[in-house]
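Descriptive structure summary
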Amino acid sequence: MIIDITEIEAIHSFSRLESLKETYGIIWMLLPILILVLGITLGVLVIVWLEREISAGIQQRIGPEYAGPLGILQALADGTKLLFKENLLPSRGDTRLFSIGPSIAVISILLSYSIIPFSYRFILADLSIGVFLWIAISSLAPVGLLMSGYGSNNKYSFLGGLRAAAQSISYEIPLTLCVLSISLLSNSLSTVDIVETQSKYGFWGWNLWRQPIGFIIFLISSLAECERLPFDLPEAEEELVAGYQTEYSGIKFGLFYVASYLNLLISSLFVTILYLGGWNLFIPNLLGPELFDINKKGKVFGTIIGVFITLAKTYLFLFISIATRWTLPRLRMDQLLNLGWKFLLPISLGNLLLTTSFQLLSL
């Protein structure tokens, strides 16, 4: 049997070409995820720096100023310090639950960023059930908090985990009802479709004006979901401990710290998408469709403008959240649960029924 050397070389070159194509496909698939993670990390660092600067301004203090110009590297320095600190484990605790809890809290929030449209066609995954996927994924975070509190073998940590889970469940239902009302107005669960339905009339087409009650309930519920003051109940003042975070140190404590700011950022982004028109300008397209329509701009230029507008609206809500933290006192646990179950839940349910009635009458 005579083997042609040229045929063998052709087969080897073809196999090498196929392997290069597979490698290129994997890299091209992972590149958007890597860019999104880097952008989210940078956004969290900016939020930490902004919170310190805004809180210092409200309380007439100086704030960070030595780590880099204007203290912009202070958050990075804190993260580096937590990364190299010793990671302690409770001697009689459940080490598996203790270690898995922070990871679940972070991963469940990170997955929600995949459905965020930062600009026109600038989204990782445009799903037809986008907003409900966010609610389903974010509902896993209380499981991680419970695991952390139980695995710490500390009564105060376990009580903090129970408080966090009760708070999250109480305010997740009104938040879901508000999202459902927006979906009924937009006739879609896709985040891109929800933004597109608000783009025609500019500022007056935002869901903020069509759903003012839902907007207020969503703001309150998102603050409670993020465990921000005045809803910072997992860390109770009468115990002088940090709730489910009491036994954590090093990078595991850093994961909880990052998860709180990731949750605040994703809530601010959803406020922008659901109620503030997303990447669209406040100028109606009817006044100048060629000049102000971002969707018809060039791909790179239009995307950059859309991302800038989305982040500007997002950081406006972040400023409100940070200012609220340093303005209002903390509620008691019974007051928090009463607000969620006795006030926000009936009002959000009535808002949903009202929205459904208007949609049926308009058919």
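Residues numbered from 1 in each chain as written. Predicted model: local features only at pLDDT ≥ 70, side-chain atom pairs only at ≥ 80, totals over all residues. Heavy atoms only, no water.

Per an unreviewed UniProt entry, the protein is named NAD(P)H-quinone oxidoreductase subunit 1, chloroplastic, and its organism is Origanum majorana. For the protein, the Sequence similarities (unreviewed entry) comment in UniProt is given as "Belongs to the complex I subunit 1 family." Listed in UniProt under the heading Subunit (unreviewed entry), the comment for the protein reads: "NDH is composed of at least 16 different subunits, 5 of which are encoded in the nucleus." (UniProt positions renumbered as here; feature names shortened; annotations may be inferred.)

1. So, the layout of surface pockets
Approximately 820 Å³ is the volume attributed to the largest pocket. What lines the largest pocket is a set of 36 residues, and nearest its centre among them are Cys226, Glu227, Tyr244, Gln245 and Ser260. Listing elements by their share of the lining of the largest pocket, those giving two or more residues are helix 3 (95-110), helix 4 (130-138), helix 5 (141-151), helix 6 (155-186), helix 9 (212-225) and helix 10 (250-275). For the lining of the largest pocket, the element with the highest residue contribution is helix 10, accounting for eight residues. Residue classes in the lining of the largest pocket are distributed as 20 nonpolar, eight polar and eight charged. (1 Å grid on protein atoms, 1.4 Å probe; cavity = no way out; pocket = protein on both sides within 12 Å on 5 of 7 lines; lining within 4 Å. Points joined across faces, edges and corners; volume = space filled by probe spheres on them. Helix = DSSP H or I, 4+ residues; strand = E, 2+ residues; numbered from the N terminus. Nonpolar A, V, L, I, M, F, W, Y, C, P; charged D, E, K, R; others polar.)

2. Quick notes on unusual backbone geometry
Even without being a glycine, asparagine 153 presents a positive backbone phi close to 55°. Among the structural elements, asparagine 153 can be located in the loop between helix 5 and helix 6. Here the phi dihedral of glutamate 227 falls at roughly 60°; this positive angle occurs in a residue that is not glycine. If you trace the backbone, glutamate 227 turns up in the loop between helix 9 and helix 10.

3. Some points on the UniProt feature "transmembrane region" (unreviewed entry) in the protein
Residues annotated by UniProt as "transmembrane region" (unreviewed entry) correspond here to residues 26-50, 97-116, 122-148, 255-280, 300-322 and 343-361. Secondary structure over residues 26-50 splits into 100% helix and 0% strand, and the C-alpha atoms at its two ends are 36 Å apart. Between the first and last C-alpha atoms of residues 343-361 the distance is 27 Å; the span itself is 100% helix and 0% strand.

4. A short note on the environment of leucine 127
Tracing the backbone shows leucine 127 in the loop between helix 3 and helix 4. Taking relative accessible area as the criterion, leucine 127 reaches 35% and is therefore assigned partly exposed. Through-space distance from the C-alpha of leucine 127 to that of threonine 191 is 7.9 Å; in sequence the pair is 64 residues apart. Residue contacts for leucine 127: discarding those within four places in its chain leaves Ile115, Leu133 and Ser190. (Buried < 20%, exposed > 50% of the residue type's maximum accessible area, 1.4 Å probe, protein only. Contact = heavy atoms within 4.5 Å.)

5. Things to note about the packing of aromatic side chains
Counted according to the given criterion, the structure contains 12 aromatic pairs. Here tryptophan 134 and phenylalanine 270 contribute two aromatic rings whose centre-to-centre distance is 3.9 Å and whose plane-to-plane angle is 15°, an arrangement assigned as stacked. Of the two residues, tryptophan 134 sits in helix 4 while phenylalanine 270 sits in helix 10, which places them 136 residues apart along the sequence. Among the aromatic residues, those joined into a ring-pair cluster are Trp134, Phe215, Phe218, Phe270 and Tyr275. (Phe/Tyr/Trp six-rings, centres within 6.5 Å; stacked < 30°, edge-to-face > 60°.)

6. Concerning the pattern of salt bridges
For the structure shown, the criterion picks out four salt bridges. With a closest N to O distance of 2.5 Å, aspartate 78 and arginine 52 form a salt bridge. In this pair, aspartate 78 is assigned in helix 2 (residues 74-84) and arginine 52 in helix 1 (residues 5-58), connecting sequence segments 26 residues apart. For arginine 52, a relative accessible area of 26% gives the class partly exposed. Notably, a salt bridge pairs arginine 332 with aspartate 334, separated by 3.0 Å at the nearest N-O pair. Here arginine 332 falls in the partly exposed class, since its relative accessible area comes to 49%. Taken together, the shared-partner salt bridges connect Glu51, Arg228 and Arg325 into one network. (Salt bridge = Lys/Arg side-chain N within 4 Å of Asp/Glu carboxyl O.)

7. Looking at the environment of alanine 259
Here alanine 259 is to be found in helix 10. Looking at alanine 259, the relative accessible area reads 7%, which means it is buried. With 154 residues separating them along the chain, alanine 259 and alanine 105 place their C-alpha atoms 6.4 Å apart. The residues contacting alanine 259, other than those within four sequence positions of it, are Ala105, Val106 and Ile109.

8. Here's the deal with the nonpolar core
Counting 58 residues, the largest nonpolar core has Tyr113, Trp134, Val179, Phe218, Phe270 and Leu274 as the members making the most contacts within it. In terms of residues, this core owes the most to one element, helix 10, which gives 13 residues. If we skip the residues at most four places from it in the chain, tyrosine 113 touches Leu36, Ile40, Leu262, Leu265, Ile266 and Leu269. (Core = buried A, V, L, I, M, F, W, Y, C linked by side-chain atoms within 4.5 Å.)

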